[in-house]
Amino acid sequence: MNTIGKSLRLTIFGSSHGEGVGCVLDGVPPGLPITVEEIQKEVDLRRPAEGIGTPRHEEDMVQVLSGSKDGLATGGAITLFIANKDRDSSKYLKFRDMPRPGHADYTAVQKYGDSHDIRGGGQFSGRLTAPIVAAGAVARKLLTEHGVTIGAYTESVGRVIDAKPRTLQEIVSFGRTNDVRAAAMDTAELMRQEILDAKAEGDSVGGTVRCVVEGLPVGVGEPFFDTVEGELAKMMFAIPAVKGIEFGAGFRAVGMRGSECNDPFIVVDGRLRTSKNDAGGVLGGITNGMPVEFRVAFKPTASISKPQRTVDLREMSERELMIEGRHDPCIVPRAVSVVEAAAALVLADLMVRGGFID
Ligand SMILES: Cc1cc2nc3c(=O)[nH]c(=O)nc-3n(C[C@H](O)[C@H](O)[C@H](O)COP(=O)(O)O)c2cc1C
């Protein structure tokens, strides 16, 4: 299904090479100041970068079709649309019979048959994340008005890892100034080189995006099933190429003793805090007032220019596949904005549900 959220409800639509992609965001409080320029700024950050990406000739231009007047949300559904302009579908047609390993061609054709729009990956294209970013800009604005700040950055690319957990301050001040969306200059250069090395070999690399959210009040999250972790995980797994998510210490926690893993409670300026944050800001599925911290794992881009083995589904014979067309050797830098937007949508929805936003 294409709808997520309960009080702030997002529906996305479109396909990679159809007329365009877009979304309907329902439940935005009337009077929220939001301009098309603010939305466009976020969508521009999702653009592929020169050198490490595959620049499109046309830029994604956001159109606001409903839900906003004179720079303020009306309270009606906000409809955003981004037309597809830079399309060459010819190179995709063969994937119906010769599916790309690692992409959704095989499963989509098996499930939807001839109805599946194979052009540019159809509804499985990373392009569907553009309306998520657009809607996320609105959710982010709503959160900002309530003192919540979100920042994500490229924490690792292939074998290059930024081992220093970056503060929100570092992320916000540096993370948007470089094309790999790293939080530090030295790692940005190493990550860039890692992507270029993979590209030179006709290959691809994956990586992780780390996200930090500050300013959330204690009590956000709706257990049993709509916990902060559960809702964020569901949203993150909707992003194409995501293979994992962990909160705080995540999988590292299994190797710790309880005495190491538990975050001791302390008092800072009269408020309860924890002296470290291995819980990632969530206890019992509810925010505890510490920053919510999580990382999302992205696999390497499926479409690579190296020859690969596939099966010709008409003959059920093994074949060699050569993929042409534009594909980023690493989608992680572009996914940073997507993770931020996805987090904003989930947390704004939970804040409305919890009565923290009217
Ligand atoms: C921003 C973004 C851009 C993407 N671009 C590409 C791409 O150019 N080529 C590709 O093969 N996959 C790309 N993907 C990933 C595929 O859409 C995804 O791997 C595919 O739909 C299969 O889904 P799965 O990996 O979640 O199983 C992109 C993903 C995102 C988030």
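Look above for the structure.
A few points on the structure. On a predicted model such as this, the values are computed, not experimentally measured, just so you know. (Residues numbered from 1 in each chain as written. Predicted model: local features only at pLDDT ≥ 70, side-chain atom pairs only at ≥ 80, totals over all residues.)

**Notes on the environment of glycine 102**
Then, in step 1: Its location among the elements puts glycine 102 in the loop between β7 (78-83) and α2 (105-112).
Then, in step 2: Through-space distance from the C-alpha of glycine 102 to that of alanine 241 is 9.0 Å; in sequence the pair is 139 residues apart. (Helix = DSSP H or I, 4+ residues; strand = E, 2+ residues; numbered from the N terminus.)

**Looking at helix α8 (residues 332-353)**
Then, in step 1: Over its 22 residues, α8 runs 31 Å from end to end, which matches the ideal 32 Å to within 8%, given 1.5 Å per residue.
Then, in step 2: Of all 22 residues in α8, 21 are buried; the element is thus mostly enclosed. (Expected span 1.5 Å × (residues − 1). Buried ≥ 20, exposed ≤ 12 C-beta atoms within 10 Å, placed from the backbone.)

**Considerations on the site of the ligand**
Then, in step 1: Taken together, 20 residues surround the ligand, and among them Phe124, Gly126, Pro240, Ala302 and Ser303 come closest.
Then, in step 2: The element best represented in the shell around the ligand is α8, accounting for three residues.
Then, in step 3: Of the residues contributing to the shell around the ligand, the split by class is nine nonpolar, eight polar and three charged. (Near = placed C-beta within 6 Å. Nonpolar A, V, L, I, M, F, W, Y, C, P; charged D, E, K, R; others polar.)

**Here we look at the nonpolar core**
Then, in step 1: Among the nonpolar cores identified, the biggest contains 84 residues, and Ala134, Ala135, Val339, Ala342, Leu345, Leu347 and Ala348 are the most heavily contacted of them.
Then, in step 2: Element by element, the count of residues in this core is highest for α8, at 16 residues.
Then, in step 3: With residues near it in sequence (within four places) discarded, leucine 347 still touches Leu143, Val148, Val213, Leu216 and Val220. (Core = buried A, V, L, I, M, F, W, Y, C linked by C-beta atoms within 7 Å. Contact = placed C-beta atoms within 7 Å.)

**Brief notes about the packing of helix α3 (residues 129-145) against α8**
Then, in step 1: At a closest axis distance of 7 Å, the pairing of α3 and α8 adopts a crossing angle of 50°. Accordingly, the angle class assigned to the pair α3 and α8 is oblique. With respect to the hand of their crossing, α3 and α8 are arranged in left-handed fashion. In this structure, α3 contributes Thr129, Ile132, Val133, Ala135, Gly136, Ala137, Ala139, Arg140, Leu142 and Leu143 to the contact, and α8 contributes Ser337, Val338, Glu340, Ala341, Ala342, Ala344, Leu345, Leu347 and Ala348.
Then, in step 2: Partitioned by chemical class, the residues of the contact of α3 with α8 number 14 nonpolar, three polar and two charged. (Axes fitted to C-alpha atoms, helices over the stretch in contact; angles between N-to-C directions. Parallel < 35°, antiparallel > 145°, perpendicular 65-115°, else oblique. Left-handed = near helix turned anticlockwise from the far one by under 90°.)

**Side note on the sheet that holds strand β4 (residues 62-66)**
Then, in step 1: Strand order in the open sheet formed by five strands is β1-β2-β3-β7-β4, and the pairing between neighbours is antiparallel. At either end of the open sheet lies a strand with only one pairing partner, and these are β1 (3-4) and β4.
Then, in step 2: Across six bridges, the pairing between strand β2 (residues 9-14) and strand β3 (residues 20-26) is antiparallel. In the strand pairing of β3, glycine 14 is matched with valine 21. (Pairing = 2+ DSSP bridges.)

**Observations concerning α3**
Then, in step 1: In this model α3 runs 24 Å from its N-terminal to its C-terminal C-alpha over 17 residues, within 8% of the 24 Å that 1.5 Å per residue would give.
Then, in step 2: Two residues or fewer after α3 comes glycine 147, characterised by a positive phi angle close to 80°.

**Describing the pairing of strand β18 (residues 317-321)**
Then, in step 1: Across the five residues of β18, zero count as buried, placing the element largely on the outside.
Then, in step 2: Relative to β18, strand β17 (residues 308-312) runs antiparallel, the two being bridged by five bridges. Among the inter-strand pairings, valine 311 is bridged to a residue of β18, identified as glutamate 318.
Then, in step 3: Between β17 and β18, which pair antiparallel in sequence order, lie four residues; one of them, methionine 316, sits at a positive phi of approximately 50°.

**Here's the deal with the environment of methionine 98**
Then, in step 1: Structurally, the position occupied by methionine 98 is in the loop between β7 and α2.
Then, in step 2: Residues methionine 98 and leucine 321 lie 223 residues apart in sequence; the distance between their C-alpha atoms is 7.4 Å.
Then, in step 3: Sequence-distant contacts of methionine 98, defined by excluding residues within four places in its chain, comprise Thr310, Asp312, Arg319 and Leu321.

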